[in-house]
Every structure is written in structure tokens, then in C-alpha cells.
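Inside the fold
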Amino acid sequence: MAHVRLWNITKKYGDVTAVNRLNIEIEQGECFSMLGPSGCGKTTTLRMVAGFEDIDEGEISVGQKVFSSSAKKFYLPPEKRDFGMVFQAFAVWPHMNVFNNVAFPLQIRKMPKSEVLERTQRAIKYTGLGGCENTFPNELSGGQKQRIALARAIAINPTVMLLDEPLSNLDPKLREEMRFEIKDLQRKFGFTIIYVTHDQTEAMALSHRILVMDHGVVQQIDTPINIYKNPANKFVFSFIGLSNFLPVEIHDGAIYIEGAAESGPITRLIPPEIREKKMTLAIRPAEIDFVTDGGVCGMVRKMTYLGDVIDYRVMLGSVEVRVQKSRRKGIYREGEACMLKFNRFLWYGRES
Amino acid sequence: MLKRFFGKIGIAEVLLFISVLILIVVVAVPVLLILWTALFVDGSLNTKDIIHILSQPGTYEALKNSLVIAGGVTVLSTIIGVFFAWLVSRTDLPFKETMKVLFLVPFMLPSFIGALAWKMLLSPRSGYINKFLVDIFSLDASPFNIYGLGGIIAVETMYLFPFVFIQVAGALERMDPTLEESARISGAGLLTITRRITLPLMLPGIAAGALLVALYSLAHFGVPAILGTESGIYNIPTKIYEQIYQSGGSFVAIRTGTILSSILIVAAGLILYAQNLVLRAGRFQVIAGKSMRPTLLKLRGLKIPILIFSLLYIFITVILPTATIFLVGTLKTYGIAFTWENMSLQNLKYILFDWRMTRDAIWNSFYLSLAAAMITMVVGVLISYTIVKMKVRGKFILEFLGVLPFSVPGTVIALGVILTWSGKFGINLYNTAWIIFVAYIARYMAFSLKSNSAALEQVDDSLEEAARACGATHWQSLRDIVIPLIKPGMVAAFFLIFLPALRELTTSVLLYGPTTRTIGVAIYALNEDGETVYAATLASVALVIIIVGQLVIKRITRTTVQGV
Ligand SMILES: Nc1ncnc2c1ncn2[C@@H]1O[C@H](COP(=O)(O)OP(=O)(O)O)[C@@H](O)[C@H]1O
Ligand SMILES: [Mg+2]
């Protein structure tokens, strides 16, 4: 039995379908990420789980208990769900000091004073805020504010933790640091995480499984490595890293860039699943090598230094390909002829 | 010192000098003269007289009434303002945008005209509502009496609560809704969240609005003058007026006036100081991100009852009094029924074309407001430019002098102007239109500075520097670059002065002479003389001008202008 279960969830705002027939099962103690471009319905989904939004269709349950059900018109209010939640904009209360911010959920539950004190201090210690108990949030940095929010969320020892882009208001270095701390907290407290982000590296680094969504529709649910290696479609492929989508055609037992047969074939090994004559080949810029023979002929149109890596735009016939190579592998000048070898690539139909 | 000043005299120093001079002559001297006259007799401090005047029952009563009225109005306005602000920004009340606009309408209407309307509806002898209730329930006596502290407080509240409303609605809208949501997910219910999160965060906004209400109510003349004097109830401004009016402007009366005025100045100063403290303490960062929508409380079954209640409130406080003014203004005589035979446009024709007194009043108000608005706008640009753009030392004096009138009530300005311009310094403007004109400039300068400074701050220094780099002189860059860019601010300043000045009563009622009545004074005098119908007709004219003016502002600025 899954811990958190979303069944056939649909949510509409007027004409906009924010979330469309979503099915997710999340295991106890799992770190589950929802990844997608801004406006794809991640926050809406999370808010439905939290109980802030009613659902138009479907059911959400946690453990054995139904939390939201459109059929039964039943919605457990957010304050009864015992979740921890962290928001993008910190949402720490500026008129309370750190201690009172963290102690608030415990005080609401009318716990005895000594227990409030003990649990608050534990949460403050685990989030690295020790010594700041009497400080007011305005005197603290963004990272520390987000720590208060984390401490407040773990204070009640929740079984489910909801995080909505908790790190996107922090600078990149701090972001990486906090990622580890969130994982650490999960290891210590054992809660289930539902983590919303639009940053694929963050999702990759944190999660057991990732859900990629677009326009309210699930594109793929899988482990980070599978999402990277076997993207279910062009959208997932392009969202998870840099990508080339090249039009190719198959004739004379080989695969060629469309309209550039004279440049030579990409490969003569045609996978059995390919039946159509015209396909799209997907490849990451780092999976293309410069070779001295046996590749596709092209011409460097543009090269840009990106520090250690050089970014090339190479013309194969009339098709432009992006290639990224370490500068230690040699430098090609603009206008220079070159030859490309395509290593790991995937196939998609023209329309998908 | 003098040499150094004249040594590097440039356009900046000249501008600063002119600005300071205008502000000193028009604003600072009158206020200082009031304090001086109140405290000193023949050059020495005179506390005995002050105590004597303050311990007279009349003045003492006036002080007490001012406090009671201001206290009551502040409490009521805060409750009503907070409630409606919460309603339009945190619940799913229908037609919220329309309601928001409607709640701000009382801002543009002059409260003394409202008081006049309520007198017509609820005066014990002839109020229409009273008569109506007595008739249908065959009562022995009128159920309502608008004359008195209760009536004054109720009517002032109707016109002042938008100060709280606008502050709190703004604060609620800017507040990050996840602050409340995180309390909710922490396990708190709506009541707890309101008590422990929302209200504390709104407190600075509420306090700022409430203090503004207190400031205005404390120094308010119109409503107590119409609803209080009848039954012998005076507050500070009406007491000052009564003293000066009864004694024909004798020195003793003026001295009493200055002492009461000094109290108003000090009280206003304290209120503004408190407001500053509150706003500074409340600089919480609760501003929401761009795409956040607050979760709205579903009113469910209460939706329609609350909507009806709100509409009823607007009907009673805005539409009913306005309609009463228009209807009574067409009657043959006051007190008769509203039937077609009894109503006509004769009165309108009479006061617009035939009666010298009202015709003059309309004309006086018109040209005085126009002239004051023009002059204040131009001088305001000059002073704001010096404050915002010039790098001259001593400009903080300008800033201080510029905002001073905000804390100086209209009655005080009038008294100060009398002291300054009735021959003391060789110029006697008493009983001429000039004295009203000078008072208007003093009273409205702060509006112009606020509007023009805001506009100038939007103009980046580099724009002007670019013009100078292209070879333009200081004056040319001002004329060709800065002025065109701040034109909207100037136009806004013009209307922010023109419209309030047009309906102004508090200041001109102390300054008018036989031929220099303003619209406000004329309405007030007609009402005093028992010419209720003509007072209503003239008030209708004023309302039409105000409404048309507001529509024009709206067209020009395309944003809601916060009238005062
Ligand atoms: N309260 C709302 N009212 C109307 N539209 C909304 C509301 N909340 C979200 N939406 C719309 O639903 C879609 C998904 O939004 P959201 O879940 O916030 O996206 P994400 O968090 O993935 O960026 C967007 O098109 C957004 O405009
Ligand atoms: Mg979002």
C-alpha cells in the first residue's frame, strides 16, 4: 500500500486545466519530485495534496485514510492533515522570533510547555539555527529564513513533507548545501517528501523518483537515471538537459541528416523498431565527438568559450547541430571543416 | 558665512532661496505667529492667561468634545474599515471590485454636505425619516435625533472610514498569502490565524489609518458646525469659529483661538509622530511574490446576506444622503412632500443666475481654487525639484516646511493667515479674496509637493545629464526633458488641489468677507439662516462639479486617486 496516493486527479480553473488525470503512488519514506516548467501545474498539485485546493475529480489518500475526495465531496482541511510544508517565499512570520515561529505548530496542538520546548529546540538544532532562538526573521539571511521554515515543518514530526520550490530564492551555492541538509533531515526523521521544482539538477540530486509534467499532464515517472537515459518523449528529453533534435531520413540502408546525404551517414545500424522513412534523432551536445574519419562532414559556424567547455554550432548541410567539448580535446575555428560522430542517441517520430 | 554663500551663488542656490522664502512666508510665519500669540503677551511668557482661558467651561468643553468625537470616530472607522477591507480582499464576496470603488466614494464627497443631508433626514422636528416613522407607527415623539455627539460621530465615520479601509485593503492585498497558509498547515484554524498571524501583521496598516482618522476628526469643522452648534455642542474648530465670529474678530477671541490652535498643532504633531513610529516598526517584509493568490474564505450561506448588508451600508451612507440633497434642492419649501407639484428647477435657476450671493460664491470658489491650484502646482514643482534633484545643503528645511501643512489643520491655517496678513506686517488683506488665496496656498502646498516629488523621483538623473551633455543649459534641460516627463504628476497635483479647494469650508469660513463667500461658506450660511432648500440646491451644484471633476481625474490619471 502506497503511503500517499493520488488517483485520477483533475483540477480546472475556468478554461485552464491546471492538472489533468494525474495518478501517483508515493512510498513511505520516498523522496518524490515533481519537475516541469513554470505553470505546468506543480504547485496546484501540491496544494491539492495539502488541502488548500479542492479537486474537481479524483481522490487523494494518505495511508489508509481518504484526505480529499471529489466523489464524496469530502475535504479534510489543511490544518487537520498534520503535514509539514515549506514555501518558496519562506513564509516565516516576521512578528515572531525564531523560537516562536518553530514552536507555533506545537502550541497550536496544545502540547505541554516542556514538550514544546524540547521539540522546538531539537528542530532548531537539526536545522542549524542553534543560538538564533530570540532573533527576529528580518535580521536573518534568506538561507536562515528557509531553515526556520524547515524547522517549523519538522517540529511536529510529520509523516509527509511538502516542499514547493524551497530553494529557488537562494543563491546557487547555498542551494546545493541545503539540498544535502534536506536529505539529511529525511534520513533522521524518515518522512515522505513531495518536492516541487523546476530545476532538473535539484530533482536529480534529491529524488528517488521524478515525475516530469507538462501542461498538467504526466510525461514520465521514473528514477533519475532512467529519466536521463530513457526519456519517454521529446519533451522529457529536452527538459532534462541540453538537446539537439535533428530531422533524419533513412535510405539505402543508412540514416542520413535530412537533405544532407552527401555529408555521409550517421550510422548504418538501423534499429529494428524504426519503420518510418523520416524520423527525429535526439542527442545531447556532449554525446557528439569530433573525429578525423568515419563521421558526418560539416562546417563550424560558431564557437563560444564557456570556460572549460567550448560550445560549437556545426552545420551539417542546412541543419545546425550543437556540440559541447572540453577544450582539451582540441579547438576548431569558425569556418573550419570537421567531422562528427554521434554516440548515444534516441529516436522519436516526427510528430511526437 | 554670507560671503561664502554669495561666493558660489548659482541657479541651485537661487532656486533654494526662492523656495524657502515662499514656504517661510506662506507656511512657517503663520504657524509661528499662532504659537507666539498663544504663549506670549507683550513679549513675555504668559501662562496665567493660558490657564485662565483653558479653565473656562466653554473651552474646556470644546476640548473634551473634540477628544470624545475623535475617539468615537476613530474606533468606529477602524472597525468598519477593517471589516470591509477584509471582506473585499479575503472572502469570495461577489462584485468585489465594484464594492471596492463604492467604499471609496465617501472620500470625494464633502462631509459637511453629508451632515446637511442627515439633518434633513433625522432632525427631531422636521427630519423626513423621523416624520415618516412617526406617521406610520403613530409615535408620540421622533425616534432619532441627529443633533449631538452621537450624530456627529456617526456622520463623520461615514466619511472618514475609507482612510482605514484603503490602508488595510492595500496591506491585505500586498501580504504574502503563504504566511497564513503556513499557519494553516501548522494546524491553526481560521480564528487562530486571524488572531495570531493576520491581525498582528495588519496592525501597522490599521494603526496608520486610524491615526489619520483621528487627525482629521480632531480638527474637523463642517460636521460639528452643522450638527453640534444647534444644541450647544462645540469642538475646538467650531469653538474657535464661534469666538471669532461672535466678537467680530476681537483680539481676545483671536488669542483664545491661538491657544486652542496650539493644542491642535501639538496634538496633530503627536499623532503624526506616532504614525511614523508605527510605520517604521511595521516594516515587515510581507510583500507577496508575483503569482500568489490568497485563498479566499468561502462565505457560503452568508454570501448573500453579507452582500445585502454591504450594499445597504453603501445605500444608507452614500446614496441616501446624496439623493436627499438633490431632491430637497428642488422643493418649493423645506419640509413638504416629494411630489411632482412640489418639485422644480426654479431653485437651481435662482441660485445660478438670479441671486447675487450664490452666484458670487460659485465664482469666488471657482477662481480661487483655480488660481491656488495653478500657483501651488508651479511652486510645488520648483520646491520638489530642489528637494529631489538639487544637491544643495539645507534642503531638509524645505522638506520639513513642505510637510508641515499636513499636520496643520485648516482652522489653524486660517487663524495664522489672519494674524499674518491683517496689517501686522504692513499688508492688510482682511476681507479680501487674497487672504483666502494665501490660505489655500499654505493649506494645499503639501499635496503638490507629494505628487510632484513622486513624479520627479521617477525621472532618472541620467536623463537630465544626457541633455546637459548634449549641450543644453540647466534651464533648457529642465524645460525640454524634466517638465514633459513629470507632466502627469503636475496634472494630478493640480486636481488634488483644485477639487478639495472648490468645496472647502473650514478655512474660508474664518476668512470670508461680505463679497468673498465661497461655495462652502454659502452653503453653511444658507443652512444657518434656515434657507435649507437653497443650501441643498447649492450643495447639489457642488456635488455635480465634484463628481464631474473626479471623472475627469480618472480619465487623466487612469488610476484611483486618493482624495483627501
Ligand atoms: N487560483 C488560480 N486561479 C486561476 N488559475 C490558476 C490558479 N492557480 C493556478 N492557476 C493556473 O494553473 C496553471 C498551473 O499553475 P501552477 O500549479 O502554479 O504551476 P507551477 O507551480 O507548475 O508553476 C497555470 O496556468 C496557472 O495560471
Ligand atoms: Mg509553482
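Residues numbered from 1 in each chain as written. Chains lettered and ligands numbered in written order. Predicted model: local features only at pLDDT ≥ 70, side-chain atom pairs only at ≥ 80, totals over all residues. Heavy atoms only, no water.

A short note on the overall build of chain B
Selection rule: Going along the chain from the N terminus, every DSSP run of H or I of four or more residues is numbered as a helix, and every run of E of two or more is numbered as a strand. As a reference, a globule follows 2.2 Å times the number of residues to the power 0.38, and the radius of gyration itself is taken over C-alpha atoms. Exposure categories follow from relative accessible area, calculated using a 1.4 Å probe and restricted to protein chains: below 20% of the type maximum is buried, above 50% is exposed, and the middle band is partly exposed. Every residue pair with non-hydrogen atoms within 4.5 Å of one another is taken to be in contact. Areas reported here follow the Shrake-Rupley algorithm with a probe of radius 1.4 Å; residue values treat only the protein chains shown as occluding. Only four residue types enter the charge count, namely Lys and Arg as positive and Asp and Glu as negative; His and the chain termini do not. To locate a charge, the coordinates of NZ of Lys, CZ of Arg, CG of Asp or CD of Glu are taken.
Secondary structure summary: chain B contains 23 helices and two strands in total. For chain B, the C-alpha radius of gyration of 25 Å lies close to 24 Å, the compact-globule estimate for 564 residues. Here the C-alpha coordinates of chain B stretch approximately 85 × 70 × 50 Å along the principal axes. The buried share of chain B, reckoned over its 564 residues, is 53%. Within chain B, contacts between residues separated by at least 24 positions form 79% of all contacts whose residues are at least 6 apart in sequence. When the accessible surface of chain B is split by element, carbon and sulfur atoms take 68% of a total near 25900 Å². Counting 43 positive and 29 negative side-chain charges, chain B places the centres of these two groups 6 Å from one another.

Thoughts on the domain arrangement of chain A
All names here are of chain A. As a reminder of what qualifies: Each domain span listed reflects an automatic or database assignment of domains. Here the buried area means the combined drop in accessible surface, using a 1.4 Å probe, for two parts upon being joined, counting both sides. One side-chain nitrogen of Lys or Arg within 4 Å of one carboxyl oxygen of Asp or Glu is enough to make a salt bridge. Any pair of nitrogen or oxygen atoms within 3.5 Å is treated as a polar contact; in protein, a donor-acceptor pairing is required on top of that, and neighbouring residues in sequence qualify only through side-chain atoms on both sides. In this count, Pro and Cys sit with the nonpolar residues alongside Ala, Val, Leu, Ile, Met, Phe, Trp and Tyr, while Asp, Glu, Lys and Arg are called charged and the others, Gly among them, polar.
Domain boundaries assigned for chain A yield domain 1 (4-238) and domain 2 (244-348). The C-alpha centroid of domain 2 is placed 41 Å from the C-alpha centroid of domain 1. Taken residue by residue, the interface counts eight residues in domain 1 and eight residues in domain 2. A buried area of about 830 Å², summed over both sides, lies between domain 1 and domain 2, and 62% of it is on carbon and sulfur atoms. Summed over the three residues of domain 1 that lose the most area to domain 2, namely Tyr228, Lys234 and Phe237, the buried surface amounts to 72% of that side. Put simply, domain 1 and domain 2 have zero salt bridges between them. Joining domain 1 to domain 2, the criterion identifies two residue pairs in polar contact (both at pLDDT 80 or more). Breaking the side of domain 1 that touches domain 2 down by element, the ones donating at least two residues are helix H7 (224-229) and helix H8 (234-240). Of the residues forming the side of domain 1 that touches domain 2, the biggest block, three residues, is contributed by H8. Per-class residue counts for the side of domain 1 that touches domain 2 are four nonpolar, two polar and two charged.

Regarding the site of ligand 1
So the rule is basically this: If a single non-hydrogen atom of a residue is within 4 Å of a molecule or strand, that residue counts as near it.
Looking at ligand 1, there are 12 residues lining it, with Gly39, Gly41, Lys42, Thr43 and Thr44 of chain A nearest. Each of chains A and B places residues next to ligand 1. Between Gly39 of chain A and ligand 1, the recorded distance is 2.5 Å, taken from a backbone N or O atom to an oxygen atom. A distance of 2.5 Å is found between an oxygen atom of ligand 1 and a side-chain nitrogen or oxygen belonging to Thr44 of chain A. Coverage of ligand 1 by the protein amounts to 70% of the 560 Å² it exposes when considered alone. Of all the secondary structure elements, the ones that give two or more residues to the shell around ligand 1 are strand E2 (16-26) and helix H1 (42-50) of chain A.

Some thoughts on the packing of aromatic side chains
Defined as follows: The pairing test for Phe, Tyr and Trp rings, Trp by its six-membered ring, is centres within 6.5 Å, and the orientation test on the planes gives stacked under 30 degrees, edge-to-face over 60, and tilted for anything in between. Counted as over-ring charges are cases with an Arg CZ or a Lys NZ within 6 Å of the ring centre that also lie within 35 degrees of the ring normal.
Under the counting rule described, the total for this entry stands at 42 aromatic pairs over all chains. Ring geometry for Phe290 of chain A versus Tyr332 of chain A: centroids 4.2 Å apart, planes at 20 degrees, classification stacked. A residue pair is termed long-range when its members are at least 10 positions apart, and Phe290 of chain A in strand E15 (residues 288-290) and Tyr332 of chain A in the loop between strand E18 (319-326) and strand E19 (337-342) qualify at 42 residues. By relative accessible area, Phe290 of chain A is classed as buried at 17%. Tyr332 of chain A sits in the buried class, given a relative accessible area of 17%. Considering the side-chain rings of Phe366 of chain B and Phe498 of chain B, the 5.8 Å spacing of their centres and the 85 degrees angle between planes classify their relative orientation as edge-to-face. Here the residue Phe366 of chain B occupies a position in helix H16 (residues 356-388), and Phe498 of chain B occupies one in helix H21 (residues 474-502), the gap between them amounting to 132 residues. What makes Phe498 of chain B buried here is its relative accessible area of 9%. Site record: aromatic cluster; members linked through ring pairs are Phe83, Phe84, Trp86, Phe103, Phe161, Phe165, Phe309 and Tyr313 of chain B. Cation over ring: Arg284 of chain A sits above Tyr228 of chain A, and NZ or CZ is 4.8 Å from the ring centre. Arg284 of chain A extends its terminal NZ or CZ atom over the ring of Phe237 of chain A, reaching a point 4.0 Å from the ring centre.

Focus: a nonpolar patch on the surface
Residues and elements named next belong to chain B. So the rule is basically this: Patch membership requires more than 30% relative accessible area and the absence of a salt bridge. Residues of like charge join within 9 Å; the nonpolar side chains Val, Leu, Ile, Met, Phe, Trp and Tyr join within 5 Å.
Where nonpolar side chains cluster on the molecular surface, the patch consists of Val14, Phe17, Ile18, Leu21, Ile24 and Val25 and spans about 480 Å² of accessible area. With respect to the helices and strands, Ile18 occurs in helix H2 (residues 11-39). Residue Ile18 is classed as partly exposed on the basis of its relative accessible area of 35%.

Considerations on the interface of chain A and chain B
Taken together, the 24 residues of chain A in the interface contact 23 residues of chain B. Buried surface at the junction of chain A and chain B, summed over both partners, amounts to about 2100 Å²; 63% is from carbon and sulfur atoms. Counting across the chain A and chain B interface gives two salt bridges. A salt bridge links Arg184 of chain B to Glu79 of chain A; the shortest N-O distance between them is 2.8 Å. If you look at where chain A meets chain B, you find eight residue pairs in polar contact (both at pLDDT 80 or more).

Things to note about the domain arrangement of chain B
Residues and elements named next belong to chain B. Here chain B is partitioned into domain 1 (1-34 + 329-564) and domain 2 (56-109 + 161-315). The interface is formed by 26 residues belonging to domain 1 together with 25 residues belonging to domain 2. Carbon and sulfur atoms make up 75% of the area that domain 1 and domain 2 hide from each other, which totals about 2400 Å². Put simply, domain 1 and domain 2 have one residue pair in polar contact (both at pLDDT 80 or more) between them. At the level of secondary structure, the elements contributing two or more residues to the side of domain 1 that touches domain 2 comprise H2, helix H17 (395-407), helix H18 (410-421), helix H22 (519-528) and helix H23 (532-557).

Considering the sheet that holds strand E1 (residues 4-13) of chain A
Residue and element names in this part refer to chain A. To be explicit about the condition: Strand pairing is assigned whenever DSSP identifies at least 2 bridges connecting the two strands.
Across the sheet, which stays open at both edges, the five strands sit in the order E2-E1-E4-E5-E6 with antiparallel pairing between neighbours. Each having just a single partner strand, E2 and strand E6 (74-75) make up the two edges of the open sheet. Summarising the sheet, E1 and strand E4 (residues 57-62) pair through five bridges and their orientation is antiparallel. Each residue of the ladder has a partner; that of Arg5, found in E4, is Ser61.

Points about the packing of helix H6 (residues 111-122) of chain B against helix H8 (residues 149-174) of chain B
Residue and element names in this part refer to chain B. Worth spelling out the cut-off: All axes are obtained by fitting lines to C-alpha atoms, using only the stretch in contact for helices, and the reported angles, taken between N-to-C directions, cover 0 to 180 degrees. Working definition: roughly parallel below 35 degrees, roughly antiparallel above 145 degrees, roughly perpendicular at 65 to 115 degrees, and oblique for all remaining angles. We call a crossing left-handed when the near helix sits turned anticlockwise from the far one by less than a right angle, and right-handed when that turn is clockwise.
Interhelical geometry of H6 versus H8 gives an angle of 140 degrees and a closest axis separation of 10 Å. The orientation of H6 with respect to H8, classified from their angle, is oblique. Crossing angle aside, the handedness with which H6 passes H8 is right-handed. For the pair formed by H6 and H8, the contact residues are Ser111, Gly114, Ala115 and Trp118 on the first element and Val155, Met158 and Tyr159 on the second.

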